[in-house]
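Structure assessment
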Amino acid sequence: MQSFYKEIVLDHFQRPRNRRGLEEADIEEHIHNPLCGDHVTVYANLRGGTLEEVSFTGRGCSISQASASMLTEQLTGKSRDEAQEKIEAFLEMMRTQENEELGELVALKGIVQARNRLRCATLAWEAMRRALSGL
Amino acid sequence: MQRTFDVQAVREQFPALGREYKGRGVVYFDGPGGSQVAKQAIDAVSGYMERGGANLHGVFPTSTETEEILAQTRLAAADFLGGAPEEVAFGANMTTLTFAISRALAHEWDENSEIVVTELDHRANVDPWLIAASERGATVRWVRVDPETLTLDREDLERNINEHTKLVAVGLASNAVGTVNDVAAIAEKAHGAGAIVAVDAVHAAPHIPIDRDWLGADVITCSAYKFFGPHVGVTAIKRDLFERMSVYRLDPAPDHIPEKLETGTQNHEGIAGVKGALDFIASLGEGASQREKHISAMQTIEEYEADLAAKFRAALGDLPNVKLYAAPEGVHKTPTIAFRVEGRTNEEVCIHMLEHGFFIAAGDFYASTLAEKLGISDGGGFVRAGLAPYNTMEEVERFIEALEGFVKGR
Ligand SMILES: Cc1ncc(COP(=O)(O)O)c(C=O)c1O
């Protein structure tokens, strides 16, 4: 199982989805974790109440970047409420235990054991949470 | 903000990164012992010899070209350290230059003189001064390193500097544990007492921007083989001091700065290579002048390496049975990471990591006073992972994973 999780995360790290900056986006939120050196900026446009063109840029470890890549896939096409729900569910899982309803995001939970890596996995999600709550 | 650092483009400039060990690409984590060499530096060394070299002061082109190369490298080194070209002298390495400078400066010392060295420094910035002091009957005062924080004890430093102090020798950064010292503040105190400040920038030079005068260094010395060039030492000495320094030299040799310090025929091809290394660094930066490019490049490198090092230290701190030696958060550090694995010898760690393709060294790295103080001299000192701008986050993660396997007995 662990090696399957690893493959998922590595795939997102090596072939990141929606990795690009978005000019004049409705949402642009940068977050940096100085403790472990990861940077992520998430972007999205809100069109007719749904999140479109969710994307990211950044640099850092495989977990932080893979997690951002997964976020873009998970949140595209969601309403603001749905997105916020998903973010909370993901953060809750990372704090507690695996939640099969979250699909491949479970891989991140599987990989992250040590606490320092937890912050890598949640970085992009915290950025999006902050952005959405500020809208 | 998020300035981009194109690590792949940087890696292409280092031919040695193509090397393999037992079928896998080598990861060089031994930069603090000597970095890999940039293509521009390699080309400059071989280019000099291919075009034809000569000694100085001839009327023929190979001789005048050699003089030109030395002049250009002096200019580049002055722009790298912050100084004027005529304040820059070359030598075999930092240690050899420091011996020459120490015995010249010691002409101004007597039994009433005192000098100050530190427990954190590499012995190359300690022993030459100790020997010179003992020859003059001068007193040596040691500044204590706090074994908990791996930083210099500032109160002890203040106590040790007084009106008899002739010299304060301090490193800009520790080659063992990466602590960057607040040299500007130390120099201010030293200058208040009328002392000369000699700064060892060997370990710092590949990692942080340097400005000799901002630091308050009267003498600042580094070595090009740590910053992507060949084995050549470089020093920049403030003009007034340099001019009055009575160096050991041959009678017919130049008696003016900077050549008076450069004994014998210099390593011309090496000096050509230093220019290549500095040009490579400048190519990573932006700005109108060479100086601006050097500063901007070093800022970019520092920022990039800081992220790798943060990841590295955080992950090591989480591994069981791994003891990390690092100054606390908030203290400026180079990406040089020292640790030990409980119950294993340093050699075992290095050999295990070698099996995974990592070139990593162990020892006290001549920061032997620090190692003694930490009680690890007999245990072989530290394992040291030193990062360079050609290292990647992926390499750091792979290292952590391999080390985790080792400490957990997998
Ligand atoms: C901090 C520091 N100072 C001095 C030296 C000695 O330099 P060199 O080999 O140029 O004499 C080293 C070399 O490792 C070093 O790391």
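Conventions we followed
Residues numbered from 1 in each chain as written. Chains lettered and ligands numbered in written order. Predicted model: local features only at pLDDT ≥ 70, side-chain atom pairs only at ≥ 80, totals over all residues. Domains from an automatic or database assignment. Contact = placed C-beta atoms within 7 Å. Helix = DSSP H or I, 4+ residues; strand = E, 2+ residues; numbered from the N terminus. Buried ≥ 20, exposed ≤ 12 C-beta atoms within 10 Å, placed from the backbone.

The next thing to look at is the domain arrangement of chain B. Residues and elements named next belong to chain B. What the domain assignment lists for chain B is domain 1 (7-37 + 290-407) and domain 2 (42-283). Measuring from the centre of the C-alpha atoms in domain 1 to the corresponding centre in domain 2 gives 25 Å. If you look at the interface, domain 1 gives 41 residues, while domain 2 gives 37 residues. Secondary-structure elements contributing two or more residues to the side of domain 1 that touches domain 2 are helix 11 (290-318), strand 14 (336-341), helix 13 (368-373) and strand 17 (382-386). Element by element, the count of residues in the side of domain 1 that touches domain 2 is highest for helix 11, at 11 residues.

The next point concerns unusual backbone geometry. That bond from Ile257 of chain B to Pro258 of chain B is cis: its omega, -10°, falls within 30 degrees of zero. When you line up the elements, Pro258 of chain B lands in the loop between helix 9 (239-244) and helix 10 (268-283). With phi around 55°, Asn18 of chain A is a residue other than glycine that occupies positive phi space. As for its placement among the helices and strands, Asn18 of chain A is situated in the loop between helix 1 (2-14) and strand 1 (27-33). One non-glycine residue, Asn321 of chain B, lies in positive phi territory at about 65°. Mapped onto the elements, Asn321 of chain B comes out in the loop between helix 11 and strand 13 (322-325). By the C-beta count within 10 Å, which is 12 here, Asn321 of chain B ends up exposed.

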